[in-house]
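Analysis of the macromolecular model
So you can see what is in the structure, the chains are spelled out below.
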Amino acid sequence: MKVCKFGGSSVKDATQIKKVVAIVKSDSDRKVIVVSAPGRDEKYDEKITDHLLNFATDGHYFNEHKIEVSAKQSYDAIITKYEKLCEDLKVDKKIIIRPLKKELLESKLKGEKKEAFYLSRGEHHNAKLIEQFMKQQGINVKLMLPEEFGFILSEESRNGKVLRETYENIQKQFSFENGEIYLVPGFYGVTKNKDIAVMSRGGSDLTGGELAYALDAYLYENWTDTNGVYEVDPRIIEDSKVIPRLTFKELRLLSSKGFNVFHFNAMLNCKKSKIPINIRNTNNPDHEGTLIQSERVPMEDTIGIAKLDNMASIHIQKDMLSEEIGFTAELLKIFGEFGIGTYHYPTDKDDIAILVDQEDLQGNINSLRREIEKRLKTGNLYVTYNLAIITIVGIGIKENTFAIVDAINALKQNHISFDLFDMSPSKISFHIGVPQNISDVALKTLYTNLIEPQYKTD
Ligand code: ASP
């Protein structure tokens, strides 16, 4: 059987939920359905989950993010959303709206426990609503609430981790004895102390991944609003195509900020038990999407190209640096202390560069420089801003390292110079750093020279 997860955009209104039902009905292997909270609302264009958090924090959450929506407005947006869903799907409002209002207005919880509980209500009530609609549509559906079947999470209310007993609970309670389809709200679970806790944001992917793993599904379908993973960002290259198959590792390398289709932790168990994940489009169910697998036959060298924008390189020069044991460890520790994530670290005898997200340096660069100079006793620290890192990915590169030559030649012929070149240890990707202002041109050049020709030889 398949486990299917439908994300926020797939369950955001009646039209979308009807599509979900049609998809579920069209394949009898779709036995476990995980749903998110409704996606963005019409009025403020915010996710219902965010409205719930805003209401739980008396408006602080949106205020901190400079979004001008008060707690009261969030409350109204939530209630309006569920009322409209009930009306459009002809679901009795009493079943959904009354308990929802009661929970939101009468809860005695405080702090993170309150936030977690409110956050969870998005998926909870959406699943209850979808259950009613599915029943009307003649589906033999059984609602499985995480607090009832025992989706047990650790005590971190807002970042709960799945505990082992969850798997046994799932195996026991999902018996498939009466031919039913199980419907599960994603994202939340319950602690051993019976408190509601949520996983990290985007956590419905995790619920689906855990169910697929525990039930040994042959496929985990992840339904969203895009046809799959594209070879390159289609916002930059319109003709870019969806990659039909790629490995877990390739997907990791290809995903970049703003272009994440999937919660990575959800992949870990699927990867371990070799359950493929199929990214599908609820709005285009005839498209086969992208299949993410443990292994594939490399029919081509380059499968996709990712681009990380607005990066900065911090280059440190110090004589005999490579002989100083613990230098790199101390350097990375300093970045850690500033809460700055680091990407690549090209090194040489007397030089090391650390690539970081430029935004993370804002307000930090002065003290960071001071700290590095003081603790690592070096005055030679140079920062290059406005870099884009282009990552060329494909397991075939390992077999054909000349793909690198093709990339460099293509850049040379188009007079594009680059600031950085780095091959990854896995040999299935390499990085080229170019100035931000020519990064789209560089990406197009690499696409036309590395990916397009592969179609012509098909
Ligand atoms: N609704 C939750 C969120 O917005 C979880 C999810 O959609 O996966 O993060």
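Now for a look at the structure at hand. Once a new chain begins, its residue numbering starts again from 1 and follows that chain's sequence as written. With the structure being a predicted model, the display of local features is reserved for residues of pLDDT at least 70 and the display and counting of side-chain atom pairs for 80 or more, all residues being used for whole-chain, interface and lining totals. Side-chain figures throughout are based on the complete set of non-hydrogen atoms in the structure, without hydrogens or water.

This paragraph deals with the overall build of the protein. Numbering of helices and strands starts at the N terminus; helices are DSSP runs of H or I of at least 4 residues and strands are runs of E of at least 2. In terms of helices and strands, the protein carries 16 helices and 15 strands. Both definitions apply: the radius of gyration is a C-alpha atom measure, and the globule rule equals 2.2 Å times residues to the power 0.38. For the protein, whose C-alpha radius of gyration is 24 Å, the value lies close to the compact-globule estimate of 23 Å for 458 residues. With respect to the principal axes defined by its C-alpha atoms, the protein has extents near 70 × 55 × 40 Å. Burial status across the protein gives 55% buried among its 458 residues. Whether two residues are in contact is decided by their heavy atoms: any pair within 4.5 Å suffices. Sequence separation of at least 24 residues holds for 72% of the intrachain contacts in the protein that already meet a minimum separation of 6. Computed by Shrake-Rupley with a 1.4 Å probe, the accessible areas treat only the displayed protein chains as cover when residues are assessed. About 21400 Å² of surface is accessible on the protein, with carbon and sulfur atoms providing 48% of the total. Just so you know, the count uses Lys and Arg for positive and Asp and Glu for negative, and it drops His and the chain ends. Taken as the charge centre is NZ of Lys, CZ of Arg, CG of Asp or CD of Glu, depending on the residue. Across the protein, the 61 positively charged side chains and the 67 negatively charged ones have centroids separated by 5 Å. Burial classification: accessible surface area is computed with a 1.4 Å probe over protein chains only, and a residue below 20% of its type maximum counts as buried, one above 50% as exposed, and the rest as partly exposed.

Quick look at the packing of aromatic side chains now. Each Phe, Tyr or Trp ring (for Trp, its six-membered ring) is paired with any other whose centre lies within 6.5 Å, and the angle between the two planes then decides the class: stacked below 30 degrees, edge-to-face above 60, tilted in between. Overall, the coordinates contain 11 aromatic pairs when judged by the stated rule. Geometrically, the ring pair formed by Phe 176 and Tyr 182 is edge-to-face, given 5.1 Å between the ring centres and 75 degrees between the ring planes. When its relative accessible area of 25% is taken as the criterion, Phe 176 is described as partly exposed. Pairing Phe 421 with Phe 430 gives two aromatic rings, centres 5.8 Å apart and planes at 40 degrees, and the pair type is tilted. What makes Phe 430 buried here is its relative accessible area of 0%. Every member of this aromatic cluster is reached through a ring pair, and the members are Phe 149, Phe 151, Phe 174, Phe 176 and Tyr 182. The cationic tip of Lys 114 hangs over the ring face of Tyr 118; the distance from NZ or CZ to the ring centre is 5.5 Å. Only lysine NZ and arginine CZ atoms are considered, and such an atom sits over a ring when it is within 6 Å of the ring centre and within 35 degrees of the ring normal.

So, on to helix H9 (residues 204–214). Burial runs high along H9: 10 of the 11 residues are buried. Restricting attention to buried positions, one finds in H9 the residues Ser 204, Asp 205, Leu 206, Thr 207, Gly 208, Gly 209, Glu 210, Leu 211, Ala 212 and Ala 214. Of the residues flanking the end of H9, it is Asp 216, one or two places downstream, whose phi is positive at about 55 degrees.

Around the ligand lies a shell formed by Ser 36, Lys 47, Thr 49, Glu 123, Phe 187, Arg 201, Gly 202, Gly 203 and Ser 204. Here a polar contact is recorded for every N or O atom pair within 3.5 Å, except that within protein the pair must consist of a potential hydrogen donor and a potential acceptor, and residues adjacent in sequence are included only if both atoms are side-chain atoms. In the model, an oxygen atom of the ligand is placed 3.2 Å from a nitrogen or oxygen of the Ser 36 side chain. Residues are sorted three ways: Asp, Glu, Lys and Arg are charged, Ala, Val, Leu, Ile, Met, Phe, Trp, Tyr, Cys and Pro are nonpolar, and all the rest, Gly among them, are polar. Each residue belonging to the shell around the ligand can be placed in one class, and the counts come to 1 nonpolar, 5 polar and 3 charged. The cutoff for a nearby residue is simple: one of its non-hydrogen atoms must lie within 4 Å of the molecule or strand.

Of all 5 residues that make up strand E1 (residues 2–6), 5 are buried, and the element is covered over most of its length. Of the two faces of E1, both are covered, the one formed by Lys 2, Cys 4 and Phe 6 as well as the one formed by Val 3 and Lys 5. A pair of strands counts as paired when DSSP detects no fewer than two bridges linking them. Here 5 bridges tie E1 to strand E2 (residues 30–35), and the two strands are oriented parallel to one another. Looking across to E2, one finds that Lys 5 is bridged to Val 34.

Here we take up the packing of helix H5 (residues 93–106) against helix H6 (residues 111–136). Fitting a line to C-alpha atoms yields each axis, with helices limited to the stretch in contact; the angle taken between N-to-C directions then spans 0 to 180 degrees. Here H5 crosses H6 at 170 degrees, and the two axes come no closer than 10 Å. One way to sum up the angle between H5 and H6 is to call them roughly antiparallel. Contacts from Ile 95, Ile 96, Pro 99, Leu 100, Glu 103 and Leu 104 of H5 reach H6 at Phe 117, Tyr 118, Arg 121, His 125, Lys 128, Leu 129 and Gln 132. Across the contact of H5 with H6, the residue classes break down as 8 nonpolar, 2 polar and 3 charged. For this classification, under 35 degrees means roughly parallel, over 145 means roughly antiparallel, 65 to 115 means roughly perpendicular, and everything else is oblique.

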